Amino acid sequence: MTKLALLGGNPVRSEEFPAHNFIGDAEKKKVMEIMDSGVLSRFLGVWHDDFYGGDEVRAFEQEWAQSYQAKHGISVNSCTSGLYAAVGAAGVGPGDEVIVSPYTMAASVTAAVAFNAVPVFADIDPKNFCLSPASIRAKITERTKAIIVVHLFGHPADMDEIMDIAAAHNITVIEDCAQAPCATYKGRPVGTLGHMGVFSLNYHKHIHSGEGGIIVTNDDNLADRLALIRNHAEAVVNGREVDSLVNMVGFNFRLGELESGIARIQLSKAPGLVSRRRKNMDYFNRNLPEVAGLSISPAAGYVEHSYYAGVFNFKAAEAGISRDLLIKALHAELPETKMRKGHGPLIGGGYVKPVYLYPMFQKQIAYGELGCPFKCPHYKGEVNYSAGICPETEKAHATIITHEYMQPSLATSDIDDVLAAFEKVADNMDDLRQYESAS
Ligand SMILES: *Cc1c(COP(=O)(O)O)cnc(C)c1O
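Cut-offs and rules
- Numbering of residues begins from 1 in every chain and follows the order in which that chain's sequence is written.
- Where totals are concerned, whole chains, interfaces and linings use all residues; where local detail is concerned, this predicted model gives features only for residues with pLDDT of at least 70, and gives and counts side-chain atom pairs only at 80 or more.
- Derived side-chain values reflect all non-hydrogen atoms in the structure, with water molecules and hydrogen atoms excluded from consideration.
- Every case where a carboxyl oxygen of Asp or Glu lies within 4 Å of a side-chain nitrogen of Lys or Arg is listed as a salt bridge.
- For helices the rule is a DSSP run of H or I covering at least 4 residues; for strands it is a run of E covering at least 2, with both sets numbered from the N terminus onward.
- Each residue gets one of three labels from its accessible area relative to the maximum for its type: buried under 20%, exposed over 50%, partly exposed in between, using a 1.4 Å probe on protein chains only.
- Multiply 1.5 Å by the residue count of a helix minus one, and that product is the helix's expected span.
- To obtain the arc, one takes the directions from the helix axis to the C-beta atoms.
- A contact between two residues is defined here by any heavy atoms of the two lying within 4.5 Å.
- A pair of strands counts as paired when DSSP detects no fewer than two bridges linking them.
- For helices, the fitted axis covers only the stretch in contact; all axes are lines through C-alpha atoms, and the angles between them, taken along N-to-C directions, range from 0 to 180 degrees.
- We call Phe, Tyr and Trp rings a pair once their centres come within 6.5 Å, taking the six-membered ring for Trp, and we label the pair stacked below 30 degrees between planes, edge-to-face above 60, and tilted otherwise.
- Here, a charge over a ring is recorded when the distance from Lys NZ or Arg CZ to the ring centre is within 6 Å and its angle to the ring normal is within 35 degrees.
- If even one non-hydrogen atom of a residue comes within 4 Å of a molecule or strand, that residue is called near it.
- N or O atoms closer than or at 3.5 Å make up a polar contact, with two conditions inside protein: a donor-capable atom paired with an acceptor-capable one, and, for residues adjacent in sequence, both atoms drawn from side chains.
- Classes in brief: Ala, Val, Leu, Ile, Met, Phe, Trp, Tyr, Cys and Pro nonpolar; Asp, Glu, Lys and Arg charged; the others, Gly included, polar.
- Nonpolar cores are built from buried Ala, Val, Leu, Ile, Met, Phe, Trp, Tyr and Cys residues. Side-chain atoms within 4.5 Å join them into one set.
- To count toward a patch, a residue needs a relative accessible area over 30% and no salt bridge; like charges are then connected within 9 Å, while nonpolar side chains (Val, Leu, Ile, Met, Phe, Trp, Tyr) are connected within 5 Å.
- Accessible surface area values rest on a Shrake-Rupley calculation with a 1.4 Å probe, where residue burial reflects the displayed protein chains alone.
- Note on terminology: pairs of cysteine sulfur atoms within 2.5 Å are recorded as disulfides.

Draft legend 1. Geometry of the pattern of salt bridges. Under the defined criterion, the tally for this structure stands at 25 salt bridges. We note a salt bridge from Arg264 to Glu56, for which the minimum N-O separation is 3.0 Å. Taken together, the positions of Arg264 in helix H9 (residues 257–287) and Glu56 in helix H2 (residues 55–67) put the pair 208 residues apart, joining distant regions of the chain. Taking the relative accessible area as the measure of exposure, Arg264 reaches 22% and is therefore partly exposed. A single salt-bridge network, built from bridges that share partners, covers Lys30, Glu56, Glu63 and Arg264.

Dropping the structure here:
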């Protein structure tokens, strides 16, 4: 038995994992063509044909909408902007509540705050880490205007049940698909299962254009409102004779021609990149050695997962060591990934902490110093952001382990090294138990 690197032995691997780079010649060529045209954005914030942007923007929107079987695609400069636009388009405002997930990147919560609504946190289902329909049902009030569902880690939420609840209460459902491009639910792509679906093209995601995002919808009215909010609606509603002025306030969420051109090529690569993730994940899961206390969190039979992250459930009591120590031991065996230097090995405990524990919610300060929107006089409900309000989320955060050892840049031999690190740790559990009880 070889000694653990954490305890002074040699690591399983020291050579960095290959760069996670999938920007290639096609993107470069496209960018040079656009550069040569001199038109890097053709948007105009006045009522004109160019209100809807340039050729690359429009081609990107059409191609994306088609690939998600959606009627409309509205590009934006980030998924965050897209979520804000979606909440605005839904007509959410002061006094309203938006049901959100606490286990997500903060933008899927702050989108509600951006329109002066109050986020109400429902709990997750520990099976898929997405909002649980039962918890949503328990949080609905007469003030609930929208639900922002997050397909976390690439696993779709229980959309049929969520849409039934929403229909019964006339609530708009926004899907945050940032982590789930190409994921499917009962054979249907995510994005149009709800009323609007928002994707990210940020560089940490499955495909990217540096920064960027896109919203899909089958609803003509929502598509119109999204395009208005994206581009200085307040300045154009006059010429357009738009009926509803609600939330037609000045944003610039426009995506440029360069990013749109890159995004078109990335879109064409998405199925291949995601299928590579699935193959890598499958290989990893099939060959994972037994580690005390550790189990893979399986995907539901009716979804195609897109694996933004892989997830383990970890029971420290069964393992006889803490989650922190297990991760520390694995980190010591494994190097970093090129292009992600300083980020550490691609495995860690939990995800982000439950969003309601962020200072903004704990102190209830967002707009100005008067506590709006939480203490807004139009708001007739009562907020509760105490620790403990979403026990499943807090438990998951304290017990799961997430990793990215399915990145498309990884060859089988790279994954074998990761598996060897797990095996080595499994073989040396007793040393770790001793080490922990001695420290
Ligand atoms: C990355 C991410 C976002 C934000 O995407 P940006 O394009 O960086 O604004 C929103 N929600 C989730 C779940 C994400 O993972």
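Draft legend 2. Representation of helix H1 (residues 25–37) within the structure. Given a rise of 1.5 Å per residue, 13 residues ought to cover 18 Å, and the 19 Å separating the end C-alpha atoms of H1 matches this to within 8%. All of the buried residues along H1 are Glu27, Lys30 and Ile34. Down the axis of H1, the sector holding all buried residues measures 65 degrees, keeping them to one side. Turned more than 90 degrees away from the buried face of H1 sit Asp25, Lys28, Lys29 and Asp36, all of them exposed. Contacts made by the buried residues of H1 are with H2 and H9.

Draft legend 3. The sheet that holds strand E10 (residues 294–296), seen in detail. In space, the 4 strands of this open sheet follow the order E10-E12-E14-E13, with antiparallel pairing throughout. In this open sheet, the two edge strands, each paired with only one partner strand, are E10 and strand E13 (347–349). Strand-to-strand twist of the sheet, defined as the mean angle between neighbouring strand axes without regard to direction, takes the value 30 degrees. The sheet contact formed by strand E12 (residues 310–314) and strand E14 (residues 400–403) spans 4 bridges and is antiparallel. The residue of E14 that forms the bridge with Asn313 is Ile400. Sheet strands touched by helix H11 (residues 323–333): E10, E12, E13 and E14. Its angle to E13, the strand with the most contacts, is close to 165 degrees.

Draft legend 4. Layout of unusual backbone geometry. Here the bond from Cys372 into Pro373 is cis, since omega is 5 degrees, no more than 30 degrees from zero. Within the element layout of this structure, Pro373 appears in the loop between helix H12 (359–362) and helix H13 (391–399). Its identity as a non-glycine residue notwithstanding, Asn170 has a phi of 55 degrees, on the positive side. Here Asn170 shows up in the loop between helix H6 (159–169) and strand E5 (172–176). For His232, which is not glycine, the phi dihedral falls at a positive 50 degrees. Note on placement: His232 falls in the loop between helix H7 (220–230) and helix H8 (233–240). Judged by its relative accessible area of 25%, His232 falls in the partly exposed class.

Draft legend 5. Just the packing of aromatic side chains, in detail. Under the definition given, this model contains 24 aromatic pairs. Considering the side-chain rings of Phe284 and Phe422, the 5.8 Å spacing of their centres and the 90 degrees angle between planes classify their relative orientation as edge-to-face. Within this pair, whereas Phe284 is found in helix H9, its partner Phe422 is found in helix H14 (residues 412–427), the two being separated by 138 residues in sequence. Residue Phe422 is classed as buried on the basis of its relative accessible area, which comes to 3%. Chaining the aromatic ring pairs together yields one cluster made of Phe121, Tyr356, Phe361, Phe374 and Tyr385. Here Lys186 stacks its cationic end above the ring of Tyr302, 5.4 Å away from the centre of that ring.

Draft legend 6. Examining the site of the ligand more closely. Around the ligand, the surrounding shell holds 13 residues, and the nearest of these are Thr80, Asp176, Gln179, Ser200 and Lys205. Between Gln179 and the ligand, the recorded distance is 2.9 Å, taken from a side-chain N or O atom to an oxygen atom. Note that an oxygen atom of the ligand is positioned 3.1 Å from one of the side-chain N or O atoms of Lys205. Residues of the shell around the ligand, tallied by class, amount to 4 nonpolar, 7 polar and 2 charged.

Draft legend 7. Molecular detail of the nonpolar core. Within the largest apolar cluster, 51 residues are counted, with the highest numbers of intra-cluster contacts made by Phe121 and Met196. Counting residues in each nonpolar core, the second largest holds 40 residues, with Ile165, Leu193, Leu201 and Leu255 among its members.

Draft legend 8. Molecular detail of the sheet that holds strand E11 (residues 303–304). Ordered by their spatial adjacency, 3 strands build an open sheet running E7-E6-E11, and the pairing between neighbours is antiparallel. The sheet is open, and its two borders are formed by strand E7 (188–189) and E11, each paired with just one other strand.

Draft legend 9. Summary view of a nonpolar patch on the surface. Where nonpolar side chains cluster on the molecular surface, the patch consists of Met32, Met35 and Leu40 and spans about 280 Å² of accessible area. Structurally, the position occupied by Met32 is in helix H1.

Draft legend 10. Highlighting the state of the cysteines. By the definition in use, this model includes 0 disulfides. No disulfide involves Cys79; its sulfur sits 8.0 Å from that of Cys177, the nearest cysteine.

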